[in-house]
Amino acid sequence: EAGVTQFPSHSVIEKGQTVTLRCDPISGHDNLYWYRRVMGKEIKFLLHFVKESKQDESGMPNNRFLAERTGGTYSTLKVQPAELEDSGVYFCASSQESISYNEQFFGPGTRLTVL
Amino acid sequence: RKEVEQDPGPFNVPEGATVAFNCTYSNSASQSFFWYRQDCRKEPKLLMSVYSSGNEDGRFTAQLNRASQYISLLIRDSKLSDSATYLCVVNPPRIKAAGNKLTFGGGTRVLVKP
């Protein structure tokens, strides 16, 4: 079974540009999460989808970040315009629907560098 | 204060030795606790869940102390392949019916040397 996939694996852009990250969760997983790790800091939660609905977006840093999950399958995270402090590794994770905790499976991450 | 705190290490461990390290968490109402392993430039992977009664998985033993709000991981008979960063992860109290957002510590780096 395929794991969580993310595209691109690396992205280097200039400040002010736009970047869109994509995540394909494990098939059948209703829960999809975005996390990020900026240099020297711990991995932090950004937001959580249940199917196509945003369940929790309390971790989104500001309105330059827009996440979508149309149709409840893959998700995109757009940063517009990108700032230097957005550099880091963006992880996507997915899990099955459950009222109790289910293991979250992480993708390999997208390494974003804003110059 | 960080929600989950870990000693960043590195812990330099001779092959075959035992190593143990802790993490502390600030929210006493936290529900679930885990250790994840992360290899260099790779994604985090679940190593084991942590239960109040303590649990063991092969050479790995995890303990949870709710009273003191800390979690521990012990690795026995360390292998070279155990070299990695170990992330302490906490599932905070749910605000909504669903939602399992994870709170990560900064990680403890372990280097096992021959």
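That block above? That's the structure.
One structure accompanies this document, and this report is about it. Keep in mind that what you see is a predicted model, and the values were worked out from it rather than measured.

About the criteria used
Residues numbered from 1 in each chain as written. Chains lettered and ligands numbered in written order. Predicted model: local features only at pLDDT ≥ 70, side-chain atom pairs only at ≥ 80, totals over all residues. Heavy atoms only, no water. 1 Å grid on protein atoms, 1.4 Å probe; cavity = no way out; pocket = protein on both sides within 12 Å on 5 of 7 lines; lining within 4 Å. Points joined across faces, edges and corners; volume = space filled by probe spheres on them. Salt bridge = Lys/Arg side-chain N within 4 Å of Asp/Glu carboxyl O. Buried < 20%, exposed > 50% of the residue type's maximum accessible area, 1.4 Å probe, protein only. Helix = DSSP H or I, 4+ residues; strand = E, 2+ residues; numbered from the N terminus. Phe/Tyr/Trp six-rings, centres within 6.5 Å; stacked < 30°, edge-to-face > 60°. Lys NZ or Arg CZ within 6 Å of the ring centre and 35° of its normal.

### Considerations on empty space enclosed by the protein
All names here are of chain B. If you walk through the whole model with that rule in mind, you get 1 cavity of 30 Å³ or more. Size it by volume and the largest cavity reaches roughly 50 Å³. What lines the largest cavity is simply Glu3, Val4, Tyr25, Ser26, Asn27, Ser30, Val90, Pro92 and Thr103.

### Remarks on the pattern of salt bridges
Under the counting rule described, the total for this entry stands at 12 salt bridges over all chains. Note that Arg22(A) is salt-bridged to Asp24(A), the shortest N-O span being 2.7 Å. For Asp24(A), a relative accessible area of 25% translates into the label partly exposed. A salt bridge links Arg37(B) to Asp39(B); the shortest N-O distance between them is 2.8 Å.

### Overview of unusual backbone geometry
In this model, Phe7(A) is joined to Pro8(A) through a cis peptide bond whose omega is -5°. With respect to the element layout, Pro8(A) can be found in the loop between β1 (5–7) and β2 (10–13). Cis geometry marks the peptide bond from Gln80(A) to Pro81(A); its omega dihedral reads -10°. Looking at where Pro81(A) falls in the secondary structure, it is placed in the loop between β8 (75–79) and β9 (88–95). Notably, Lys51(A) is not glycine yet its phi reads approximately 55°, a positive angle. Tracing the backbone through its elements, the reader meets Lys51(A) in the loop between β5 (44–50) and β6 (53–56). One non-glycine residue with positive phi stands out, namely Arg41(B), at about 60°. Within the fold, Arg41(B) resides in the loop between β4 (32–38) and β5 (44–50).

### Considering the packing of aromatic side chains
Under the definition given, this model contains 13 aromatic pairs over all chains. Considering the side-chain rings of Phe91(A) and Phe106(A), the 6.3 Å spacing of their centres and the 80° angle between planes classify their relative orientation as edge-to-face. In this pair, Phe91(A) sits in strand β9 while Phe106(A) sits in strand β10 (residues 105–106), placing the two residues 15 residues apart along the sequence. Owing to a relative accessible area of 3%, Phe91(A) belongs among the buried residues under this scheme. When the ring of Phe106(A) is compared with that of Phe104(B), the centres are 5.9 Å apart and the planes differ by 85°; the resulting orientation is edge-to-face. Here Phe106(A) is found in strand β10, whereas its partner Phe104(B) is found in strand β10 (residues 103–104) on a different chain. For the residue pair Phe106(A) and Phe104(B), the accessibility class agrees, reading buried in each case. Aromatic rings pair up to connect Tyr33(A), Tyr35(A), Phe45(A), Phe91(A), Phe106(A), Tyr36(B) and Phe104(B) into one cluster. Its end group placed over the ring of Tyr74(A), Arg22(A) keeps NZ or CZ at 3.7 Å from the ring centre.

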